[in-house]
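Chain by chain, the residues:
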Amino acid sequence: RVWATKLEPLAFRVLRQGRTEPMGEGALLHNRAAGVYLCAACAQPLFRSEDKLSSGAQHGWPAFGAALDGRVRRRRQGKGGKVEVLCSRCDGHLGHVFASRRYASGERHCVNSASLAFERLPSPGTIATEAEGKGINALSRRTPLEPVVVQQQC
């Protein structure tokens, strides 16, 4: 019940009830800014902007070639069903992962914009190269449910 009061209605339906936002309507679908995509519920960093695929626009949801190590867990939905991806910290539903030969990683994470927040960083290199206590490591120490500003590209 706490989640229902802390999250926007669409984010609650996606993250806590496993629903899917309408195709092509996500606020982060066309975002190309440098930064980190966070779980909208607990603010755990999940994906780097460098791993965002341009194919997301074709499929209707933001897509990523890879997630940050240990930040996303997988669960098969039913026998032979799709593979769901969840935040490893709060178990929020993010979307699904599919095999794809088009990308070096061999897979495509299709993620609901409503399950994400975006934090712009000064430069793409900041994410991977800053020392402990900076970059994504500092973001991961954010307290759960602390307000996260979603910045959109104009």
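Sequence order as written defines the numbering, with residues in each chain counted from 1. Given that the model is predicted, a residue must reach a pLDDT of at least 70 before its local features are reported, and side-chain atom pairs must reach 80 or more before they are shown or counted; all residues, however, enter totals for whole chains, interfaces and linings. Calculated side-chain values reflect all of the structure's heavy atoms, with hydrogen atoms and water omitted.

## Concerning the pairing of strand β5 (residues 72-76)
So, step 1. Pairing analysis gives five bridges linking β5 to strand β6 (residues 83-87), with the strands arranged antiparallel. Paired with R75 across the bridge in β6 is E84.
So, step 2. In this scheme, strands are said to pair when DSSP sees at least two bridges between them. Runs of H or I in DSSP of at least four residues are treated as helices and runs of E of at least two as strands, each being numbered from the N terminus. Linkage of β5 to β6, two consecutive antiparallel strands, is achieved through a turn of six residues, within which G78 is found at a positive phi near 70 degrees.

## As for the pairing of strand β2 (residues 45-48)
So, step 1. Judged from the three bridges that link them, strand β1 (residues 35-39) and β2 form a sheet pairing that is antiparallel. Residue pairing across strands places Y37 opposite F47, the latter belonging to β2.
So, step 2. Hairpin remark: β1 followed by β2, antiparallel, with five residues in the connecting loop; positive phi at A43, about 70 degrees.

## Some points on the sheet that holds strand β3 (residues 52-53)
Neighbouring strands of a sheet are bound in pairs by backbone hydrogen bonds; such pairs are parallel or else antiparallel.
So, step 1. Read from one edge of the open sheet, six strands run β3-β4-β8-β7-β6-β5, paired in antiparallel fashion. Of all the strands in the sheet, just β3 and β5 have a single pairing partner and so form its edges.
So, step 2. Where β6 meets strand β7 (residues 93-99), four bridges bridge the pair, whose relative direction is antiparallel. Looking at β7, one finds that V85 is bridged to G95.

## Some points on unusual backbone geometry
So, step 1. One non-glycine residue, A43, lies in the positive phi region at around 70 degrees.
So, step 2. Throughout this description, buried means an accessible area under 20% of the type-specific maximum (1.4 Å probe, protein chains only), exposed means over 50%, and partly exposed covers the range between. Using a relative accessible area of 1% as the deciding quantity, one classes A43 as buried.

## Digging into the confidence of the model for the protein chain
In low-pLDDT segments, the atomic positions of the prediction should not be examined closely.
So, step 1. Predictor confidence is given residue by residue as pLDDT, running from a minimum of 0 to a maximum of 100. Looking at the protein chain as a whole, the pLDDT averages 81, with 77% of positions reaching at least 70.
So, step 2. At the level of individual helices and strands, the protein chain shows its lowest average pLDDT in helix α5 (residues 135-140), which scores 47, and its highest in β2, which scores 97.
So, step 3. Scored below 50 in pLDDT, residues 126-135 shows 15 contacts in the model against residues more than four places distant or in partner chains.
So, step 4. Every residue pair with non-hydrogen atoms within 4.5 Å of one another is taken to be in contact. Contacts of residues 137-154 to residues separated by more than four positions or lying in other chains number 43 contacts, the stretch itself having pLDDT below 50.

## Topic: the environment of R73
So, step 1. If you trace the backbone, R73 turns up in strand β5.
So, step 2. Taking relative accessible area as the criterion, R73 reaches 31% and is therefore assigned partly exposed.
So, step 3. Sequence spacing of R73 and L94 is 21 residues, and the spatial spacing of their C-alpha atoms is 9.9 Å.
So, step 4. If we skip the residues at most four places from it in the chain, R73 touches E84, V85, L86, S88 and D91.

## A closer look at the nonpolar core
So, step 1. To qualify as a nonpolar core, a set must consist of buried Ala, Val, Leu, Ile, Met, Phe, Trp, Tyr and Cys residues joined through side-chain atoms within 4.5 Å. In this structure, L15, Y37, C39, L46, F47, L94 and L116 are the most contacted members of the largest nonpolar core, which totals 22 residues.
So, step 2. Of all elements in the fold, only α2 (9-15), β1, β2, β6, β7 and β9 (116-120) reach the threshold of two or more residues within this core.
So, step 3. Ranked by residues supplied to this core, first place goes to β6 with three residues.
So, step 4. Excluding residues within four positions of it along the chain, L46 makes contact with Y37, L38, C39, A67, L68, R71, V72, C87, L94 and L116.

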